[in-house]
Amino acid sequence: MRRNRFESNSPGILPRLASMLPLLVGIFILILFLGGIQSVSDTTAAKQQQSLETALSRSIAQCYAVEGMYPPSLNYIKEHYGLTYDESQFIIDYNPVGSNLMPEVMVLPID
């Protein structure tokens, strides 16, 4: 069989694209999967922060109800009221105002 010198030996763009389609679909699915994992991780971190804020608030209120004063420090709450949290994930800024005034408390995530 003779070949025409004007015919191209390389396949057209459409067959090349069709052969790359499974790879492109796989990459797209991987990106969606990783985005989903990140979304779940962000939601979990937000719920952990909210849970810590609730536990801290309850411990402060319990201390005031039992002892008639607000806790003088964060360590006092940890020691006497059993507050525990992952210190590698959150920072608690605890500023006591006075024994009869609610302390200023802020829970900050560590990125």
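Here, the structure is the one placed above.
So, here is what we can say about the structure in this document. (Residues numbered from 1 in each chain as written. Predicted model: local features only at pLDDT ≥ 70, side-chain atom pairs only at ≥ 80, totals over all residues. Heavy atoms only, no water.)

Considered for burial, the residues of helix α2 (residues 74-81) that qualify are Leu74, Tyr76, Ile77 and Tyr81. Buried residues along α2 cover an arc of 155° about the axis, so they all sit on one side. On its buried face, α2 sits against α1 (13-67) and β1 (90-95). Within two residues after α2, glycine 82 carries a phi angle of roughly 70°, on the positive side. (Buried < 20%, exposed > 50% of the residue type's maximum accessible area, 1.4 Å probe, protein only. Helix = DSSP H or I, 4+ residues; strand = E, 2+ residues; numbered from the N terminus. Arc of directions from axis to C-beta. Contact = heavy atoms within 4.5 Å.)

Right, let's get into a nonpolar patch on the surface. A surface patch of nonpolar side chains, about 540 Å² in accessible area, is lined by Ile13, Leu14, Leu17, Met20 and Leu24. Tracing the backbone through its elements, the reader meets isoleucine 13 in helix α1. Classification of isoleucine 13 as exposed rests on a relative accessible area of 69%. (Patch = residues over 30% accessible without salt bridge, like charges linked within 9 Å, V, L, I, M, F, W, Y side chains within 5 Å. Areas by Shrake-Rupley, 256 points an atom, 1.4 Å probe, with all protein chains shown as cover. Salt bridge = Lys/Arg side-chain N within 4 Å of Asp/Glu carboxyl O.)

Let us look at the side chain of serine 59. Mapped onto the elements, serine 59 comes out in helix α1. The residues touching serine 59, leaving out its near neighbours within four places in the chain, are Ile77 and Tyr81.

A few words now on the pattern of salt bridges. Between side chains of opposite charge, a pair can form when the charged atoms approach closely. Throughout the structure, instances matching the rule amount to one salt bridge. A salt bridge links lysine 78 to glutamate 87; its shortest N-O distance comes to 2.9 Å.

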